[in-house]
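# Examining the three-dimensional arrangement
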Amino acid sequence: MAPFKSTDHEVKHDAERQDDTKSVQEGTQAANVAPGELNRGLKQRHLTMMAIGGVIGPGYFMGMGTGLSTAGSAGLLICFAALGCLLWTVMQSLGELAAFIAVSGSFTHYSTRFIDPAWGFALGWNYCFLWCGIIMAEYNNLGLVLTYWDTAMPRWGWTLVFWAFFMAFALLGVWAFGEAEFWLSLTKIIFIGAFFLCAILITAGIIGDHKIGFHYYHDPGPFANGVKGVFQIFVFAALQYSGTEMIGLTAGESHNPSRDIPKAVRSVIWRILVIFLGGIFFLTLTVASDDPDLLGRTTKTASSPFVIAFKRAGSDVGANVVNALIHVSIFSAINSAMYVGSRTLYGLAKENAAPRIFLFTLKRNGVPIVALITFHLIGFLSLLNLSSGAGKVYTWVTSMTGVATFITWASICLCHIRVRKAMALQNIPSSSLPYRAAFWPWGAYAGLVVSIFFIFFQGWTSFAPWSVEDFFMNYIVVVFFILCFVTWKVWHRTQWVRLERADLFSGRRDWLM
């Protein structure tokens, strides 16, 4: 079937694209948003910048200390390189799906539509759980960052202040979210580039009183705990990479997903190579994996490894600047978490997998207000770190949300495979796709197999020696997913979707191609 064309729509879209400078005005004038519908106010530049640096927050600047102390310099690089390859294959699959069928709920909707409604239910709540973990982690990191400066206000007081501020900003709508993410992501990228330069100067001895070079790769060595240490941080790396798939969720609020999504997906490779692998490489040159100030399981307070790099070089000014910029990243990270978490709840309600009250949106700008407030309340669980120890809480959160990320990635690849099979059965040529994933079908199958491998085998360290706590940290999310799937399937007697009858047309905006 040939894509439907409409000259009027094309003219309308061209006018919108040429008038990008009116984005704020468009956002504030969204009075015509239908009840229960989202506002399509995200532009291509918003999606591209979110793909590169949207979810780089205090988890990146603070949490890298956990990875470095657990796996060592080379181990951290190897882990992020391996998962970077996996993420690229997953994003290729998601890019093809989101550009083809742009709907709210994204891959949870695809799972319901092309796998089984019970799978969509389980995946939706799994992804909601993932972002609950992320927002808890980011508020936990906020508490850690604030301990660097002595203030009269207690940590829980600052949490309340930030909570109110983030809530007020989120109510401004998707246009505010898009603009904030664009400029804050750009700020973070510029800072990371500046750190690259400073790291070179530190290792060369220009900043500090001695040359470092590759000294930390020899002492304390490239690996902290051998192969076991590398496996222990795969879930941590997954958490740091998680959120990249939020591009799929933004497709429902994009002006032109057929054009914008592919461009955003192509930019992911730069996030992997430059932001993560480049940042980790320069970080491991300037900070030893056995530095006592790094965040670990038993620490109650800790410094960012980026701050430590400047402190060890004797630059207190640089350390204070880094800590201030980490606060900037907090705004972006929690802003993103609130957006994705609330839209996930909204998407679940759309699929009748969550209470219908989550569909309620503000008529003025389409913000899903009930879903937003409900999800943001989860951030208060971060106050658990006041009694349990920040390092221990952070380890639990990263372990559980990392596994949830692997489940999400595996489901995206499975949806991609089944959509392609459905197209073949219904005689729809692949040439009708706005964007075609690279290395099909091998990339999608590799992403599926590797994701499943990490779901079940990343927690093998809990068996040697046996640790009940580590076992639950690594596998409780798997049990949760299976229970959700089985319960929904038995209760509603759902059936696996027959691909020859799968709906390949609803939600397409082919006139924008």
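Treat the numbers as computed from the prediction; the structure is a model and nothing was measured.

## Quick word on the overall build of the protein chain
In terms of regular secondary structure, the protein chain is built from 21 helices and zero strands. When the 513 residues of the protein chain are sorted by exposure, 61% land in the buried category. Counting contacts in the protein chain only where the partners sit at least 6 residues apart, residues at least 24 apart contribute 83% of the total. Element-wise, carbon and sulfur atoms account for 68% of the exposed surface of the protein chain, whose accessible area totals about 19,800 Å².

## Quick notes on empty space enclosed by the protein
Under the definition given, this model contains six cavities of 30 Å³ or more. What the second largest cavity holds in volume is close to 80 Å³. Around the second largest cavity, the lining residues are Ala170, Gly173, Val174, Phe177, Asn335, Met338, Tyr339, Arg343, Val367 and Leu372. Of all the elements, helix 16 (residues 316-350) adds the most residues to the lining of the second largest cavity, at four residues. Of the residues that constitute the lining of the second largest cavity, the class distribution is seven nonpolar, two polar and one charged.

## A word on the pattern of salt bridges
Going through the model one piece at a time under the given rule, you end up with five salt bridges. Between aspartate 116 and lysine 489 there is a salt bridge; the shortest N-O distance is 2.5 Å. With aspartate 116 in the loop between helix 5 (106-114) and helix 6 (117-146) and lysine 489 in helix 21 (residues 468-492), this residue pair connects regions lying 373 residues apart in the sequence. Its salt-bridge partner being aspartate 291, residue arginine 312 comes within 2.8 Å of it at the nearest N-O pair. Highlighted residues: arginine 312 in helix 15 (residues 305-312) and aspartate 291 in the loop between helix 14 (268-286) and helix 15, separated in sequence by 21 residues. On the basis of relative accessibility, which here comes to 39%, the residue arginine 312 falls in the partly exposed class.

## Regarding helix 8 (residues 174-203)
The end-to-end C-alpha distance of helix 8 is 43 Å, a good match for the 44 Å that 30 residues give at a rise of 1.5 Å each. Two residues or fewer past helix 8, glycine 205 is found with a positive phi of approximately 85 degrees.

## Quick word on a nonpolar patch on the surface
Among the surface-exposed residues, Val227, Trp460, Phe463, Trp466, Val468, Phe472, Ile476, Val479 and Leu483 lie close enough to one another that they form a single nonpolar patch of about 870 Å² accessible area. You can see tryptophan 460 is positioned in the loop between helix 20 (442-457) and helix 21.

## A word on unusual backbone geometry
Of the consecutive residues aspartate 219 and proline 220, the connecting peptide bond is found in the cis state with omega at 20 degrees. Relative to the helices and strands, proline 220 is located in the loop between helix 9 (215-218) and helix 10 (226-232). Unlike most non-glycine residues, asparagine 427 shows phi in positive territory, near 60 degrees. Following the sequence through the fold, asparagine 427 ends up in the loop between helix 19 (390-425) and helix 20. Note on asparagine 427: relative accessible area 68%, which makes it exposed.

## A look at the environment of phenylalanine 481
Within the secondary structure, phenylalanine 481 is located in helix 21. Using a relative accessible area of 8% as the deciding quantity, one classes phenylalanine 481 as buried. Sequence separation between phenylalanine 481 and tryptophan 119 is 362 residues, and the spatial gap between their C-alpha atoms is 8.8 Å. Discounting chain neighbours no more than four positions away, the residues touching phenylalanine 481 are Trp119, Ala122, Leu123, Asn126 and Ile407.

## Section: the packing of aromatic side chains
All chains considered together, the criterion is met by 32 aromatic pairs. Ring geometry for tryptophan 119 versus tryptophan 496: centroids 6.4 Å apart, planes at 50 degrees, classification tilted. A residue pair is termed long-range when its members are at least 10 positions apart, and tryptophan 119 in helix 6 and tryptophan 496 in the segment after helix 21 qualify at 377 residues. Since its relative accessible area comes to 19%, tryptophan 119 is described here as buried. Since its relative accessible area comes to 44%, tryptophan 496 is described here as partly exposed. With 5.1 Å between their ring centres and 20 degrees between their planes, phenylalanine 406 and phenylalanine 454 make a pair best called stacked. In this pair, phenylalanine 406 is assigned in helix 19 and phenylalanine 454 in helix 20, connecting sequence segments 48 residues apart. The pair phenylalanine 406 / phenylalanine 454 is uniform in exposure class, with both members buried. Site record: aromatic cluster; members linked through ring pairs are Phe231, Phe234, Phe406, Trp409, Phe453, Phe454 and Phe457.

## Comments concerning helix 17 (residues 369-376)
Every buried residue of helix 17 is accounted for by Ile369, Ala371, Leu372, Phe375 and His376. Buried residues along helix 17 cover an arc of 165 degrees about the axis, so they all sit on one side.

## Description of the confidence of the model for the protein chain
The share of residues in the protein chain with pLDDT of 70 or more is 80%, and the mean pLDDT across the chain is 79. No element of the protein chain has a lower mean pLDDT than helix 2 (residues 23-28), at 40, and none a higher one than helix 20, at 93. Note that pLDDT drops below 50 for residues 1-31; the model gives that stretch 35 contacts with residues more than four away or on any other chain.

What counts as what
- Residues numbered from 1 in each chain as written.
- Predicted model: local features only at pLDDT ≥ 70, side-chain atom pairs only at ≥ 80, totals over all residues.
- Heavy atoms only, no water.
- Helix = DSSP H or I, 4+ residues; strand = E, 2+ residues; numbered from the N terminus.
- Buried < 20%, exposed > 50% of the residue type's maximum accessible area, 1.4 Å probe, protein only.
- Contact = heavy atoms within 4.5 Å.
- Areas by Shrake-Rupley, 256 points an atom, 1.4 Å probe, with all protein chains shown as cover.
- 1 Å grid on protein atoms, 1.4 Å probe; cavity = no way out; pocket = protein on both sides within 12 Å on 5 of 7 lines; lining within 4 Å.
- Points joined across faces, edges and corners; volume = space filled by probe spheres on them.
- Nonpolar A, V, L, I, M, F, W, Y, C, P; charged D, E, K, R; others polar.
- Salt bridge = Lys/Arg side-chain N within 4 Å of Asp/Glu carboxyl O.
- Expected span 1.5 Å × (residues − 1).
- Patch = residues over 30% accessible without salt bridge, like charges linked within 9 Å, V, L, I, M, F, W, Y side chains within 5 Å.
- Phe/Tyr/Trp six-rings, centres within 6.5 Å; stacked < 30°, edge-to-face > 60°.
- Arc of directions from axis to C-beta.
- pLDDT = per-residue confidence, 0-100.

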